[in-house]
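What follows is the residue order along each chain.
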Amino acid sequence: MNNPAILRLENVTHQFPQSSTLTVAGITLTLHQGDILALLGPSGCGKTTLLRLIAGFEQPQSGTIHLLGQPVARLGFATPPEKRNIGMVFQDYALFPHLTVAHNIAFGLQQRGGAPQEQLKRVTEALALVGLKGMGDRYPHELSGGQQQRVALARALAPRPALLLLDEPLSNLDVQVRLHLRQEVRDILKATGTSGIFVTHDQEEALAIADQVAVMHQGCLEQWGTPETIYRQPNSRFVAEFVTQANFLPAFQQGEFWQTEIGQFMASQIAVSQVMAGQHGGSAAETGELMIRQEDLKLEPDPAGEVVVRDRQFLGREYCYRLQTASGQQLQARTPDRISIGATVRCHVLDQALDQTLQVFPATSSPPDP
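As a starting point, this report considers the structure included with it. From a predicted model like this one, the values you see are computed outputs, not experimental measurements. (Residues numbered from 1 in each chain as written. Predicted model: local features only at pLDDT ≥ 70, side-chain atom pairs only at ≥ 80, totals over all residues. Heavy atoms only, no water.)

What about the overall build of the protein?
As a reminder, the rule being used: Each helix corresponds to a stretch of at least 4 residues labelled H or I by DSSP, and each strand to a stretch of at least 2 residues labelled E; elements are numbered beginning at the N terminus. Each residue is assigned to one of three classes by its accessible area relative to the maximum for its type, calculated with a 1.4 Å probe on protein chains only: buried under 20%, partly exposed between the two thresholds, exposed over 50%. Contacts were defined at the residue level, with two residues in contact if any of their heavy atoms lie within 4.5 Å. In this description, accessible areas are obtained by the Shrake-Rupley approach with a 1.4 Å probe, and a residue is regarded as covered only by the protein chains that are shown.
Looking only at helices and strands, one finds 10 helices and 22 strands in the protein. Overall, the C-alpha framework of the protein stretches about 80 × 45 × 45 Å when taken along its three principal axes. Here the protein holds 370 residues, and 47% of them are scored as buried. The contacts in the protein between residues at least 6 apart in sequence include a share of 67% that link residues at least 24 apart. For the protein, the exposed area adds up to about 18,200 Å²; of that, 49% sits on carbon and sulfur atoms.

Listed below in structure tokens is the structure:
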């Protein structure tokens, strides 16, 4: 049984006055109590604007936003941000440099009023929650970037909001700190039962931290689902490219098989994408591009192979290979096996990838990457 919905957006649309296009185009989605939603997409796709609409900093031109079952925004009506019981964590932390850590955390509590003893208790609890116990007397400049972000998180959580909004909160941190802190953020939200919306353009970050992922593109919601569904069953070419960073091989159907440069695949192992099926009126498509993820390609060195290793990058646990087929098609593969640059190989798709069903998408007119 699902938890109750804490946030519901119904056909929410927004357009800035100076823009000729919609920044947010008819978004409909639901967030349940205790879940973490990642808004994922490239810069300019509308994800931060959508976050600001939820927070109340922007107003929709159409549609309705419900929080805790009550409307907080619709045409001609908007609940002020301070009345929405929402916490916000910004990309640049937005800490007051002249206030101590404790006073930064207490700032939001003071705006809401309440007994000083209760405020002190909340500050102490928030410091312990984010692992900064005993550091309340320090100033922001005395802290590392990761510690400053923890203070910003503690300040947002101290008033115990119904919903926490995080706008690319880890993008200014070093890689190792970001990896550690994203798990901490998830653990803290889960420990407190706080629902959260996490804006990011980092695919791995979104998949790691979220219970649900909403992929946005040009103001539209391309796909919304669990991280596993988004990665394994992308429903559009954009999601497949942006989230999985997969390879796309020209393919055509011949009898019971789909033929490609690196081999043939049984039609029963191929799923035609929804978009492609729609283009063909639901009938079988004859040509398209087969999506193969980088990690699903196995490379077998073979002097008679027709695929050439053009470059190799060492990534620690694995190598990333740039390959070129006989027709000039560029492919990428990730594998722990070390193969020499310039070697010829044969490419195979791993059995487990075939078990999960491969997908064919409509062909594009874009030339292969140089």
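Moving on from the coordinates now.
A look at the pairing of strand β14 (residues 263-266)
Stated precisely, the cut-off is as follows: Any two strands are treated as partners once DSSP identifies two or more bridges connecting them.
As paired elements, strand β13 (residues 257-260) and β14 share 4 bridges and run antiparallel to each other. Residue pairing in the sheet places T260 in a bridge with G263 of β14.

Some thoughts on unusual backbone geometry
Here the phi dihedral of Y93 falls at roughly 75°; this positive angle occurs in a residue that is not glycine. Relative to the elements of secondary structure, Y93 occurs in the loop between β7 (86-89) and α2 (101-112). Exposure remark for Y93: the relative accessible area of 9% places this residue in the buried category. Positive phi values are uncommon outside glycine, yet Q218 reaches one of about 55°. When you line up the elements, Q218 lands in the loop between β10 (212-217) and β11 (220-225). For Q218, a relative accessible area of 60% gives the class exposed.

Structural notes on empty space enclosed by the protein
Test applied: Note on definitions: the grid is 1 Å and covers protein atoms alone; a cavity is a set of points where a 1.4 Å probe fits but cannot get out; a pocket is an open set with protein on both sides within 12 Å along at least five of seven lines; lining residues have an atom within 4 Å of a point. Grid points are joined across faces, edges and corners, and a volume is the space filled by probe spheres set on the points.
Under the definition given, this model contains 1 cavity of 30 Å³ or more. In this structure, the largest cavity occupies an estimated 50 Å³ of space. For the largest cavity, the full set of lining residues is V89, Q149, R150, L153, L166, P169, L170, L181 and V185. The element best represented in the lining of the largest cavity is helix α4 (residues 145-157), accounting for 3 residues.

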